[in-house]
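In case you want the letters, here they are:
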Amino acid sequence: MIVPPRPVGPFRHGFGLGAGAGLGLGVAVLALGIVGALLSTLTLVVVPLSSGVGRSASLQTIWGSPTAKHTLRAIPITGTIMADTSDGLGLTVGTYGYEVARTIDQLTAKDADGIVLLMNTPGGSITGSRAIADAVDRYRARTGKKVFAHVEGMSASGGMYTMANADRIIADHGSLIGSVGVVSGPFARYKDITGTTGTLLESGVTTQGGVTYEYLSMGRDKDFGSPYRDITPEERQVWMTMLGIEYDAFVDWVSEHRGIPVDTIKDTYGAHMFDGQTAVANKYADAVGGQDEAFREFATLAGVDPADTRVAQVASPGLLSSLLGADVRVPGVAPAAKPEGGQAARATARLCSGAPQVLAYQGDVAAFCG
């Protein structure tokens, strides 16, 4: 006897769907648990590789074959050179000198066959610039490897400070090099001020009105740099003495490492900028050449085969690494300030604070500070 199939009632139908959904949800939860466990493991593995500046796993090849036997580690020195993150952000990308120095200090002889500084900077703080230069000396003494510099646009002032002790400096076509000097200021002076004025959008000083302004301070010359009075002769002498000390140290550093007489730098070159060919004639650089030409020469000078050498730099963390907590920027790179809440971006760098300080910088800081 053939028994016809029983019709599926609403209870059984709903129960079946519920059981299926529950089973599917359970499988999904299980899968997510497995993925979570894997991600936890990756947190222990990927993040250190991404944030460890001496690890080849976080490198990206910018020249040559990624499978090349030999590696030259490229370190970009881009934009205004600051000391560290406490100096804040500018309106353009910059470089944190202390972080770059720590990156170089972590490199061993096994990590690379040499270092290439990729220079495109107007300079910046003396502290950040000298920190990189000192790290270069330590690297060379520690590893026995050479350090090279390729100027890819500009290496001025603090940039010259940073790269002067490189074993070979090659300037790309159209690059500018020089500006060996220090600067401080500007020191504003509002003479015969009668008032200040301002709105929500703009502040300023006017010679019309009845509001006067003054600093109250204790400690002689504590209000040095006030725009509402002249700099005294004593203050000027103290500040010029400090500038002289930093300037002499800068000139001596370039003179020692580039083989240029101190008097030539001070009396002949001054703080001028030079094109590549003139920079070579003045011993600020050793040759003029494009990136490919420079990297091939650097590999040869490092004692390795250019055909089996790559130039690589630390890569920005990928999406996964970023989600797992890796720093979203490459060590040493100072990101540009970003607009928030629809407001225009404002530079927060200490270089833009207006406080008197000595800089090795070429040009107007307006592009950096706004």
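Residues numbered from 1 in each chain as written. Predicted model: local features only at pLDDT ≥ 70, side-chain atom pairs only at ≥ 80, totals over all residues. Heavy atoms only, no water.

1. Describing the nonpolar core
Here's step 1: Residues I104, I177 and Y284 are the most contacted members of the largest nonpolar core, which totals 45 residues.
Here's step 2: Considering every element that reaches this core, the biggest residue donor is helix α3 (residues 126–143), with seven residues.
Here's step 3: Every residue in contact with I104, bar those within four places of it in the chain, is listed here: I75, I115, I132, A135, V136, Y139 and R142.
Here's step 4: Counting 14 residues, the second largest nonpolar core, distinct from the first, contains F148, A287, A299 and V311. (Core = buried A, V, L, I, M, F, W, Y, C linked by side-chain atoms within 4.5 Å. Buried < 20%, exposed > 50% of the residue type's maximum accessible area, 1.4 Å probe, protein only. Helix = DSSP H or I, 4+ residues; strand = E, 2+ residues; numbered from the N terminus. Contact = heavy atoms within 4.5 Å.)

2. Some details on the state of the cysteines
Here's step 1: Within the structure shown, the criterion is met by one disulfide.
Here's step 2: At a sulfur-sulfur separation of 1.9 Å, the disulfide partner of C352 is C369. Residues C352 and C369 are joined by a disulfide whose S-S torsion is about -80 degrees; by sign, that bridge is left-handed. Here C352 is found in the loop between β16 (333–334) and β17 (358–361), whereas its partner C369 is found in helix α10 (residues 366–369), with 17 residues between them in sequence.
Here's step 3: The partly exposed category is assigned to C352, whose relative accessible area is 24%.
Here's step 4: By relative accessible area, C369 is classed as buried at 15%. (Disulfide = S-S within 2.5 Å.)

3. Concerning the packing of aromatic side chains
Here's step 1: Within this structure, the stated rule accounts for eight aromatic pairs.
Here's step 2: Summarising the aromatic geometry, the rings of Y161 and W253 are spaced 6.3 Å apart at their centres and angled 50 degrees between planes, so their arrangement reads as tilted. Of this pair, Y161 sits in helix α4 (residues 158–163) while W253 sits in helix α5 (residues 233–258), placing them 92 residues apart in sequence. With respect to burial, Y161 and W253 carry one shared label: buried.
Here's step 3: Note on F224 and W239: the rings are 5.0 Å apart at their centroids and 45 degrees apart in plane angle, and the pair reads as tilted. Placement of the pair is F224 in the loop between β12 (203–206) and α5 and W239 in helix α5, with a sequence separation of 15 residues. The exposure classification of F224 matches that of W239, with both residues buried.
Here's step 4: An aromatic cluster of three or more residues is present, and its members are Y161, F250 and W253. (Phe/Tyr/Trp six-rings, centres within 6.5 Å; stacked < 30°, edge-to-face > 60°.)

4. Description of the pattern of salt bridges
Here's step 1: Under the criterion given, the structure shown has 14 salt bridges.
Here's step 2: A salt bridge links E234 to R220; the shortest N-O distance between them is 2.7 Å. Of this pair, E234 sits in helix α5 while R220 sits in the loop between β12 and α5, and the two are 14 residues apart along the sequence.
Here's step 3: Notably, a salt bridge pairs R229 with D223, separated by 2.9 Å at the nearest N-O pair.
Here's step 4: A relative accessible area of 22% means that R229 is categorised as partly exposed.
Here's step 5: Where salt bridges share partners, they join D137, R140 and D167 into one cluster. (Salt bridge = Lys/Arg side-chain N within 4 Å of Asp/Glu carboxyl O.)

5. Points about the layout of surface pockets
In this approach the atoms are scanned with a rolling probe the size of a water molecule, which exposes any empty space left behind.
Here's step 1: Taken as a whole, the largest pocket spans an internal volume of roughly 530 Å³.
Here's step 2: Taken together, 23 residues form the lining of the largest pocket, with G185, P186, L351, G354 and V365 sitting closest to its centre.
Here's step 3: Elements with a minimum of two residues in the lining of the largest pocket: β10 (183–184), β17 and α10.
Here's step 4: Looking at the lining of the largest pocket residue by residue, the class counts come to 14 nonpolar, eight polar and one charged.
Here's step 5: Here the second largest pocket is characterised by a volume of approximately 260 Å³.
Here's step 6: Looking at the lining of the second largest pocket, the elements that each hand over two or more residues are β2 (70–78), β4 (94–96), α2 (97–106) and β15 (309–314).
Here's step 7: When residues of the lining of the second largest pocket are assigned to their parent elements, the largest contribution, five residues, is made by β2.
Here's step 8: Among the residues forming the lining of the second largest pocket, the class breakdown is ten nonpolar, eight polar and one charged. (1 Å grid on protein atoms, 1.4 Å probe; cavity = no way out; pocket = protein on both sides within 12 Å on 5 of 7 lines; lining within 4 Å. Points joined across faces, edges and corners; volume = space filled by probe spheres on them. Nonpolar A, V, L, I, M, F, W, Y, C, P; charged D, E, K, R; others polar.)

6. Here we look at the packing of α3 against α5
Between two packed helices, what matters for the description is the angle formed by their axes and the separation of those axes.
Here's step 1: Remark: α3 packs on α5, axes separated minimally by 13 Å, with the N-to-C direction vectors making an angle of 30 degrees. In terms of orientation, α3 lies roughly parallel with respect to α5. Judged by the twist between their axes, the crossing of α3 over α5 is left-handed. Residues I126, R130, A133, D134 and D137 of α3 lie in contact with α5, whose contacting residues are E246, W253 and H257.
Here's step 2: Among the residues making up the contact of α3 with α5, the classes are represented as three nonpolar, one polar and four charged. (Axes fitted to C-alpha atoms, helices over the stretch in contact; angles between N-to-C directions. Parallel < 35°, antiparallel > 145°, perpendicular 65-115°, else oblique. Left-handed = near helix turned anticlockwise from the far one by under 90°.)

7. With respect to the confidence of the model for the protein chain
Here's step 1: Scored by pLDDT, the protein chain comes out at a mean of 83, with 77% of its residues at no less than 70.
Here's step 2: Counting contacts from residues 10–17, a segment whose pLDDT is below 50, to residues more than four positions away or on other chains yields two contacts.
Here's step 3: Segment residues 37–57 is flagged for pLDDT under 50; beyond a separation of four residues in sequence, or across chains, it makes 30 contacts in the model. (pLDDT = per-residue confidence, 0-100.)

8. Here we look at the pairing of strand β7 (residues 146–156)
Here's step 1: Taken together, the seven bridges between strand β5 (residues 114–121) and β7 define a ladder with parallel strand orientation. The residue bridging L118 from the neighbouring strand is H150, located in β7.
Here's step 2: Bridge count between β7 and strand β8 (residues 168–171): four bridges; the pairing is parallel. Residue pairing across strands places H150 opposite I170, the latter belonging to β8. (Pairing = 2+ DSSP bridges.)

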